[in-house]
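Now for the letters of each chain:
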Amino acid sequence: MSDPGQDRPADPRGTPPDTGHPHWFDDDAGPVVRPYAMTRGRTSHAGQHRLDLIALVVAEAAADDPVWDLTLSPEHAHILGLCRERPQSVAELAADLDLAIGVVRVLIGDLVQDELVHVTRPVPPAELPDESILREVIDGLRAL
Amino acid sequence: MAFGRSSRTGAMHAVSPVEPLTLKILVAGGFGVGKTTLVSAVSEIRPLRTEERLSEPGAAVDDTDGVEGKSTTTVAMDFGRITLREDLVLYLFGTPGQDRFWFLWDELAQGSLGSVVLADTRRLADCFAAIDYFERRGIPFVVAVNCFDGAERHPVVTVREALDLDPEVPVLLCDARDRESVKDVLVGVVEHAMSLARARRAMSAGA
């Protein structure tokens, strides 16, 4: 016990420690809930494509019903809330929720199944019709 | 399930009027070469976590005695977003540096516009693997030499020779901390991708 203040649980009768979180672990310990617990152990959706990291998740009109905030899990509701503001890429959702991409993919798949969101397929650069998009990217970068 | 792109105008959609076109550029290079710095110079940066199955070699290396069931590992990557226009968004992904996470690169590389291989002249060998990867897959890339303070400034020609690059691969000198410099590097990637696409079109038209 080199640092009893951190390693020992707070004395139940004593004053609470400064942090209010007398945990024996810190961020280095990694997530305390195993990542795929939120997906009830599922790592993919049957028959679903692996969603591209830059595929956009777009809220459907049905997602505006406030009932979803009460019936969905907090993670599903969080994703839906972000997508209602504007379309979000799979990567952004994973970063915002601080969840592994694989977990977020399963959660998005649930929302697709419930017809609350749809997912767009990003256009591979080889399928771009002409150079105009790439020129726009260059102009946009220069204007930053 | 419909995964087709809906119309870019998206006028029918009441919730979100604009579905932007999304593109991605990868940032590769050895550990500590400045990938995080480069991404943060032009973008809001956020770490991205991915939980992946340990590959077989990894499983053999990791001592899993006593932790049976640990078949996945968490990998962190840099991730940035640049909104060029309301309907045009560019994402940057820093590739994981460790060799054991090569299997993640395939997903990152798929559908990418191109990539930046960030190089440090003191440790040029660190970017061999990335260059090899992009060459094999025909992914457009530029080599950006990060000019660290105090590092000897090797001329572009020397770097090109040391890396044995094809003549058409651009080599740029940059400062990964400097926004303007990083913008030039990204413009270089898109221009290079454009000229390669043009050459391919000419080839197929001539054939």
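Parameters at a glance
Residues numbered from 1 in each chain as written. Chains lettered and ligands numbered in written order. Predicted model: local features only at pLDDT ≥ 70, side-chain atom pairs only at ≥ 80, totals over all residues. Helix = DSSP H or I, 4+ residues; strand = E, 2+ residues; numbered from the N terminus. Contact = placed C-beta atoms within 7 Å. Core = buried A, V, L, I, M, F, W, Y, C linked by C-beta atoms within 7 Å. Buried ≥ 20, exposed ≤ 12 C-beta atoms within 10 Å, placed from the backbone. Pairing = 2+ DSSP bridges. Axes fitted to C-alpha atoms, helices over the stretch in contact; angles between N-to-C directions. Parallel < 35°, antiparallel > 145°, perpendicular 65-115°, else oblique. Left-handed = near helix turned anticlockwise from the far one by under 90°. Nonpolar A, V, L, I, M, F, W, Y, C, P; charged D, E, K, R; others polar. Right-handed = clockwise from strand over helix to strand, strands pointing away. pLDDT = per-residue confidence, 0-100.

Student: Just checking my understanding: could you explain the overall build of chain B for this structure?
Tutor: The secondary structure content of chain B amounts to 6 helices and 7 strands. When the helices and strands of chain B are listed from N to C terminus, the series reads β-α-β-α-β-β-α-β-α-β-α-β-α. When contacts within chain B are restricted to residue pairs at least 6 apart in sequence, long-range pairs at least 24 apart make up 73% of them.

Student: Whenever I open this one, the nonpolar core confuses me. Can you help?
Tutor: General note: in soluble globular proteins, nonpolar side chains tend to be found buried as a group. The biggest cluster of nonpolar side chains holds 78 residues, and the ones touching the most others in it are Val90, Ala94, Ile108 and Val117 of chain A together with Val116 and Val117 of chain B. Sorting elements by how many residues they give to this core places helix α5 (residues 101-113) of chain A first, with 8 residues. Contact partners of valine 117 of chain B, with chain neighbours within four places excluded, come to Ala28, Gly29, Cys127, Ala130, Ile131, Phe141 and Val143 of chain B.

Student: Help me out: how do you make sense of the interface of chain A and chain B in this one?
Tutor: The accessible area lost on association of the parts is a frequent measure of interface size. Counting residues at the interface gives 45 residues for chain A and 40 residues for chain B. Secondary structure elements with two or more residues in the side of chain A that touches chain B: β1 (56-59), α4 (90-97), α5, β3 (117-119) and α6 (132-143) of chain A.

Student: Hey, could you run me through unusual backbone geometry in this one?
Tutor: One can expect most non-glycine residues to show negative phi and most peptide bonds to be in trans. Positive phi is not limited to glycine here, since glutamate 115 of chain A has a value of about 60°. Mapped onto the elements, glutamate 115 of chain A comes out in the loop between α5 and β3. Among the residues examined, glutamate 115 of chain A registers 10 C-beta atoms within 10 Å and is labelled exposed. Even without being a glycine, aspartate 164 of chain B presents a positive backbone phi close to 55°. Within the secondary structure layout, aspartate 164 of chain B lies in the loop between α5 (156-163) and β7 (171-174).

Student: Which parts of the structure should I look at to understand the pairing of β1 of chain A?
Tutor: The side chains of a regular strand alternate between the sheet's two faces. All names here are of chain A. The two faces of β1 match: Leu56 and Val58 on one face and Val57 and Ala59 on the other face are all buried. Note that β1 and strand β2 (residues 88-89) share 2 bridges and pair antiparallel. Opposite leucine 56, over in β2, you have serine 89 as the bridge partner.

Student: Any chance you could explain the sheet that holds β3 of chain A here in plain terms?
Tutor: Residues and elements named next belong to chain A. Taken in spatial order, the 3 strands make up an open sheet running β2-β1-β3, and their pairing is antiparallel. The sheet is open, and its two edges are formed by β2 and β3, each paired on a single side. In the packing of α5 onto the sheet, the strands contacted are β1 and β3, and the crossing angle to β3 comes to about 120°.

Student: Looking at this structure, I do not really get the environment of proline 74 of chain A. What am I missing?
Tutor: With respect to the secondary-structure elements, proline 74 of chain A resides in helix α3 (residues 74-85). Taking the C-alpha atoms as reference, proline 74 of chain A lies 37 Å from glycine 140 of chain A; in sequence the two are 66 residues apart.

Student: What am I meant to see in the packing of α4 of chain A against α5 of chain A here?
Tutor: Between two packed helices, the angle of one axis relative to the other and the distance separating the axes together describe the packing. Residues and elements named next belong to chain A. For the pair α4 and α5, the least separation of the axes is 9 Å and the interaxial angle reads 110°. Of the possible angle classes, the one that applies to α4 and α5 is roughly perpendicular. Of the two elements, α4 crosses α5, and the hand of that crossing is right-handed. Along the contact surface, α4 presents Val90, Leu93, Ala94 and Leu97, while α5 presents Ile101, Val104, Arg105 and Ile108. Of the residues contributing to the contact of α4 with α5, the split by class is 7 nonpolar, no polar and 1 charged.

Student: Explanation requested: helix α1 (residues 35-42) of chain B in the structure shown.
Tutor: In an α-helix, one turn spans 3.6 residues; hence positions three or four apart end up facing the same way. Counting buried residues along α1 of chain B, 6 of its 8 residues qualify, which places the element largely inside the surrounding structure. The set of residues buried in α1 of chain B consists of Lys35, Leu38, Val39, Ser40, Ala41 and Val42 of chain B.

Student: Which parts of the structure should I look at to understand the pairing of strand β5 (residues 114-119) of chain B?
Tutor: Residue and element names in this part refer to chain B. In terms of burial, β5 is largely enclosed, as 6 of its 6 residues are buried. Here β5 shows a buried face lined by Gly114, Val116 and Leu118 and a second buried face lined by Ser115, Val117 and Ala119. Both strand β1 (residues 21-29) and β5 contribute to a ladder of 5 bridges, which runs parallel. Residue valine 27 lies in a different strand from β5, and its bridge partner there is valine 116. Each parallel crossover has a hand, and the one from β5 via helix α4 (residues 128-137) to strand β6 (residues 141-146) is right-handed.

Student: Got a minute to help me understand the confidence of the model for chain B in this structure?
Tutor: Any segment with low pLDDT has predicted coordinates that should not be analysed in fine detail. All names here are of chain B. Confidence in the prediction of chain B, expressed as mean pLDDT, is 81, and 76% of residues score 70 or more. Of the regions scoring below 50 in pLDDT, residues 1-16 engages in 30 contacts with residues more than four places distant in sequence or in other chains. Predicted complex, confidence summary: ipTM 0.81, pTM 0.79.

Student: What should I look at first to understand the packing of α3 of chain A against α5 of chain A in this one?
Tutor: Residues and elements named next belong to chain A. Contact geometry of α3 with α5 gives a least axis separation of 10 Å together with a crossing angle of 75°. Accordingly, the angle class assigned to the pair α3 and α5 is roughly perpendicular. Across from Glu75, His76, Ile79 and Leu80 in α3, the residues of α5 making contact are Leu107, Ile108, Asp110 and Leu111. A per-class count over the contact of α3 with α5 returns 5 nonpolar, 1 polar and 2 charged.

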